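# Structural overview
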Amino acid sequence: MTTPPARPVGGTVRAFGGATMGTTWSVKAVLPATTDLLALEAMVQRALDTVVAEMSPWEPLSDLSRYNRAAPGTWTQLPAAMAAVLRRAIEVAERSHGAFDPTLEALTDLWGFGPRPFSGGPPLAGDIIPLRDAVGWTRLTLDGDALLQPGGVRLDLNGIAKGFGVDQAAAALDRAGVKSYLVEVGGELRGVGAKPDGQPWWVELERPPPKGLAANDAEKTVVALHDLSVATSGDYRRFFDHDGRRYAHTLDPATGAPTTHATVSVTVLAKDCMSADAWATALTVMSPDAALAFAAEHDLAALIVSGRSDGLEERLSPALRAMLD
């Protein structure tokens, strides 16, 4: 991959991290030796804790949970950041023709991928249909930062909130005056600046190894994150097996059930991680051919991995190929 010239940055690479959103976060940053790492870590942790307090369905006192419990016909005033995330979610939902839908919490819960305890198997079709028919991003009415509860709508921002968390962690580092860093939350990344030797933050795009091959033998795609973010959605991250069939956590809004096509994972690179996260989720809902065609039409830099009888097939969108040239 061709990379722009980078100037060496004074300082050394220092690392710190913590826990958030049911996973971990980490930062590698070029910092002077005198930097107070504990203070910097606390700043990033506060930024991520705020995302959880606003948008986590696992937190009963979160703003998202408060909206989900609201009475029909009432308006909920959302925090400005959450309203911005929801506006982006609605935009992606509209452009993807509903492949991305931020109103699937009831179905996510029903399938055992939400806060409700897992039942041990897939739900009955009779339980899916009424919930599927009640959800839909087109039922959302956002007036400024106020959101109308039409009745029965339950938000699920898990397909975009982690990417937004990366952006918020990066913003905290920016406010602290950090000029060069790589921030990661649960596998989603954003890189800014260069390392002390002038090299960029090189990262390997996440890709499930083909069966029968060690991870070191699997095909690799490496990119330089120059003010760039990357997010991956994959059916191997969260799933359950029942009666010889695997049910992944990615739900198709059209069916109210996990996807059944051959797409295994999608990685998207974008300026902000919120957008990368949302588009990776949307493309994972699509079949491999449809995802590749959509990424080409909308100029998305995407790596689409699909399963076939002899292993995995990797396809790159034109925008990603151009980045790697």
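Residues numbered from 1 in each chain as written. Predicted model: local features only at pLDDT ≥ 70, side-chain atom pairs only at ≥ 80, totals over all residues. Heavy atoms only, no water.

For helix 6 (residues 161–175), with 15 residues, the first-to-last C-alpha span of 21 Å sits near the 21 Å given by 1.5 Å per residue. Counted residue by residue, helix 6 has 11 buried out of 15 residues, so it is predominantly covered. Residues A161, K162, G163, F164, G165, V166, D167, A169, A170, A172 and L173 constitute the buried set of helix 6. Once helix 6 finishes, G177 follows within two positions and takes phi at roughly 85 degrees, a positive value. (Helix = DSSP H or I, 4+ residues; strand = E, 2+ residues; numbered from the N terminus. Expected span 1.5 Å × (residues − 1). Buried < 20%, exposed > 50% of the residue type's maximum accessible area, 1.4 Å probe, protein only.)

Of the two faces of strand 5 (residues 146–149), the one holding A146 and L148 and the one holding L147 and Q149 are both buried throughout. Summarising the sheet, strand 3 (residues 74–77) and strand 5 pair through 4 bridges and their orientation is antiparallel. Directly across from W75, in strand 5, lies its bridge partner L148. In this sheet, strand 5 lies alongside strand 4 (residues 141–143) in antiparallel orientation, the contact comprising 3 bridges. Within the sheet, the bridge partner assigned to L142 lies in strand 5 and is L147. Following strand 4, the chain reverses through 2 residues before pairing antiparallel with strand 5; G144 in that reversal takes a positive phi of roughly 65 degrees. (Pairing = 2+ DSSP bridges.)

By convention here, two paired aromatic rings are described through the distance between centres and the angle between planes. All chains considered together, the criterion is met by 2 aromatic pairs. Here the aromatic rings of F16 and W25 are separated by 6.0 Å at their centres, their planes lie at 80 degrees, and the arrangement is edge-to-face. Residues F16 and W25 agree in their burial class; the two are buried. When the centroid spacing of 5.6 Å and the interplanar angle of 45 degrees are considered together, the rings of W279 and F294 count as tilted. Of this pair, W279 sits in helix 7 (residues 273–285) while F294 sits in helix 8 (residues 288–297), placing them 15 residues apart in sequence. For the pair shown, W279 and F294 are each scored as buried. (Phe/Tyr/Trp six-rings, centres within 6.5 Å; stacked < 30°, edge-to-face > 60°.)

Bringing the environment of V266 into the picture now. Among the structural elements, V266 can be located in strand 15 (residues 263–270). Its relative accessible area of 0% is what places V266 among the buried residues. Along the chain, V266 and A194 lie 72 residues apart, while their C-alpha atoms are 26 Å from each other. Setting aside chain neighbours within four positions, we find V266 in contact with A231, T232, S233, A280, L283, T284, L303 and I304. (Contact = heavy atoms within 4.5 Å.)

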